[in-house]
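One-letter residues, chain by chain:
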Amino acid sequence: MDILQPPGWVRPRGYSNGIAARGRTVCVSGMIGWDAQGQFHTDDFAGQTRQALQNIVEVLAEAGAKPEHIVRMTWYVTDKKEYVAAYKEIGVAYRELIGKHYPTMTAVQVMALIEDRAKVEIEVTAIVPDA
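Figured I'd write up the structure that's included with this text. None of these values were measured; they are calculated from a predicted model.

Description of the overall build of the protein
Helix and strand content of the protein: 3 helices and 6 strands. Taken against the 2.2 N^0.38 rule, which gives 14 Å for 131 residues, the C-alpha radius of gyration of the protein at 15 Å falls within 12% of a compact globule. Once the C-alpha set of the protein is aligned to its principal axes, its extents read approximately 40 × 35 × 25 Å. The contacts of the protein with a sequence gap of at least 6 include a subset with a gap of at least 24, amounting to 76%. Just so you have it, the protein exposes about 7,900 Å², and 51% of that area is on carbon and sulfur atoms.

Set out below in structure tokens:
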């Protein structure tokens, strides 16, 4: 996996500008903050984010992938201010579950998610290197 950082560009904080990788592609659909049985345990933004990230890690494992294989994340949030206010707690959960690996990322505020109680939805693309 090669991190793409053009010369002279300011290094991004918490994500990469680009990644080039070769291997098996694993796509994970948008994960929200409910558990494996489809139950929400919190309405807290950071808590839902932690659960969504845990869900991603579990789905990746089914393909033999790990968090460090993630090359792209797209975050859909229902409230930008709530998301920004939870940065610190989200960062803690991210580092615990994903590590110090920062793939390409996009975050978009949306009017709503399909599940009314969901505050965040995260989709992921990972590339597992060829053995």
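Some details on helix H3 (residues 87–97)
When we look at burial in H3, the residues that qualify are Ile 90, Gly 91, Ala 93, Tyr 94 and Leu 97. Close packing links the buried residues of H3 with helix H1 (45–62), strand S4 (70–77), helix H2 (80–85) and strand S5 (104–109). One or two positions beyond H3, positive phi appears at Gly 99, with a value near 100°.

Considerations on the layout of surface pockets
Empty pockets left among the atoms are what a rolling probe the size of a water molecule brings to light. Taken as a whole, the largest pocket encloses approximately 570 Å³ of empty space. Taken together, 15 residues form the lining of the largest pocket, with Arg 13, Gly 14, Tyr 83, Tyr 87 and Gly 91 sitting closest to its centre. Contributions of two or more residues to the lining of the largest pocket are made by H3 and S5. With 6 residues, H3 is the largest single contributor of residues to the lining of the largest pocket. The class makeup of the residues in the lining of the largest pocket is 9 nonpolar, 3 polar and 3 charged.

Description of the packing of H1 against H3
Between H1 and H3, whose axes approach to 9 Å, the crossing angle comes to 15°. Relative to H3, H1 is oriented roughly parallel. Viewed along their axes, H1 and H3 form a crossing whose handedness is right-handed. Contacts between H1 and H3 involve Phe 45, Ala 46, Thr 49, Arg 50, Leu 53, Gln 54 and Val 57 from the former and Glu 89, Ile 90, Val 92, Ala 93, Tyr 94, Glu 96 and Leu 97 from the latter. In terms of residue class, the contact of H1 with H3 is built from 9 nonpolar, 2 polar and 3 charged.

What to know about the nonpolar core
Counting 27 residues, the largest nonpolar core has Val 26, Leu 53, Ile 56, Leu 60, Met 73, Trp 75 and Ile 122 as the members making the most contacts within it. Every element with two or more residues in this core is listed here: strand S3 (24–31), H1, S4, H3 and strand S6 (120–128). Tallying contributions element by element places H1 first for this core, with 7 residues. Aside from chain neighbours lying at most four places away, what touches Ile 122 is Ser 29, Gly 30, Met 31, Thr 49, Ala 52, Leu 53, Ile 56, Met 73, Thr 74 and Trp 75.

Observations regarding the pattern of salt bridges
Counted according to the given criterion, the structure contains 4 salt bridges. For Asp 43, the salt bridge goes to Arg 117, with nearest N and O atoms at 2.6 Å. Of this pair, Asp 43 sits in the loop between S3 and H1 while Arg 117 is found in the loop between S5 and S6, placing the two residues 74 residues apart along the sequence. Two residues, Glu 123 and Arg 72, come together in a salt bridge whose shortest N-O distance is 3.8 Å. Placement of the pair is Glu 123 in strand S6 and Arg 72 in strand S4, with a sequence separation of 51 residues.

What counts and what doesn't
- Residues numbered from 1 in each chain as written.
- Predicted model: local features only at pLDDT ≥ 70, side-chain atom pairs only at ≥ 80, totals over all residues.
- Heavy atoms only, no water.
- Helix = DSSP H or I, 4+ residues; strand = E, 2+ residues; numbered from the N terminus.
- Rg over C-alpha atoms; globule rule 2.2 N^0.38 Å.
- Contact = heavy atoms within 4.5 Å.
- Areas by Shrake-Rupley, 256 points an atom, 1.4 Å probe, with all protein chains shown as cover.
- Buried < 20%, exposed > 50% of the residue type's maximum accessible area, 1.4 Å probe, protein only.
- 1 Å grid on protein atoms, 1.4 Å probe; cavity = no way out; pocket = protein on both sides within 12 Å on 5 of 7 lines; lining within 4 Å.
- Points joined across faces, edges and corners; volume = space filled by probe spheres on them.
- Nonpolar A, V, L, I, M, F, W, Y, C, P; charged D, E, K, R; others polar.
- Axes fitted to C-alpha atoms, helices over the stretch in contact; angles between N-to-C directions.
- Parallel < 35°, antiparallel > 145°, perpendicular 65-115°, else oblique.
- Left-handed = near helix turned anticlockwise from the far one by under 90°.
- Core = buried A, V, L, I, M, F, W, Y, C linked by side-chain atoms within 4.5 Å.
- Salt bridge = Lys/Arg side-chain N within 4 Å of Asp/Glu carboxyl O.

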